[in-house]
Amino acid sequence: SSSSSSSCLSSLGDPTSTYTSGEKFSHSFGSHDSVFSAHITFPTAATTGAVIFESGAGGYGGILALRVDSGVPFLRLRAGHGSDITKACVVDVYDPPLDGKEYPVVWEFRIFVDPTPMRCRLYIAGELKGEDYQYSPQRDIWSGGDGACFGCAFGVPDGEPDGAWTDNTGASVRNPLYYWNSKTLDNVCTKIYYSSSSSSSRSSSSSSSSSSSSSSHSS
């Protein structure tokens, strides 16, 4: 079991699968609501784009990656259409913790079921950092069937980075990557509380909303 626990994720039950970093794995989760969780050590500085997770590619794909555009680092969570970003679900977080420390990171992809929009959400250290909705995604899937990778990339949506997460100084991922199939965080919590296994658990009953630091990319 993980050295950290989350009462919110525990509410989802046991993970459907776990994956190891650096290895391409096949999947069929792009057509299902999906929740992922991993412990990520962020770099001390960001000079190049690097991937935490990717699935699919230029047709339809999902990715969580650090981008560096014109010297500005930011974290992007993207899902859906792989070549037309205006038809994708996109969260950009401009204050990633570039401090060389490890953080629990959780991301969620909810598929499009008309009239319910596609949704992507990103949590870092329990805080909702951003969410985005796509009402016209063209298809109901968030990823195609091309292989996936944790901490690396074998195919990415158009225009996204494809470097390994460790390409930036101090960055690493801790195995495994946890995956919950056909689950969302709806009605479970507004925050994801983590606590050390050696300390008492904290309640996830808070109903206060977290501020979003995301912006939708539409060009």
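Residues numbered from 1 in each chain as written. Predicted model: local features only at pLDDT ≥ 70, side-chain atom pairs only at ≥ 80, totals over all residues. Heavy atoms only, no water.

Undergrad: I would appreciate a short explanation of the sheet that holds strand E12 (residues 172-181) in the present structure.
TA: Within a sheet, neighbouring strands are paired by backbone hydrogen bonds and run either parallel or antiparallel to one another. Pairing is antiparallel across the open sheet formed by six strands, whose spatial order is E2-E12-E3-E8-E9-E10. At either margin of the open sheet sits one strand with a lone partner, and together these are strand E2 (17-19) and strand E10 (127-134). Each adjacent strand pair in this sheet contributes to an overall mean axis angle of 15°, direction not counted. As paired elements, strand E9 (residues 118-124) and E10 share seven bridges and run antiparallel to each other. Its bridge partner lying in E10, Tyr123 is registered against Leu128. (Pairing = 2+ DSSP bridges. Helix = DSSP H or I, 4+ residues; strand = E, 2+ residues; numbered from the N terminus. Axes fitted to C-alpha atoms, helices over the stretch in contact; angles between N-to-C directions.)

Undergrad: Before we go on, may I ask you to explain unusual backbone geometry in this structure?
TA: Across the junction of Asp114 and Pro115, the peptide omega takes the value 10°, indicating a cis bond. Locating Pro115 in the fold gives a position in the loop between strand E8 (102-110) and E9. Looking along the chain, the bond that leaves Asn175 and enters Pro176 is cis, with omega of 0°. Tracing the sequence through the fold places Pro176 in strand E12. Non-glycine residue Ala125 carries a positive phi angle of around 50°. Position of Ala125 relative to the elements: it lies in the loop between E9 and E10. Judged by its relative accessible area of 41%, Ala125 falls in the partly exposed class. Phi at Ser182 takes a positive value of approximately 55°, unusual for a residue other than glycine. Here Ser182 is to be found in the loop between E12 and strand E13 (194-196). (Buried < 20%, exposed > 50% of the residue type's maximum accessible area, 1.4 Å probe, protein only.)

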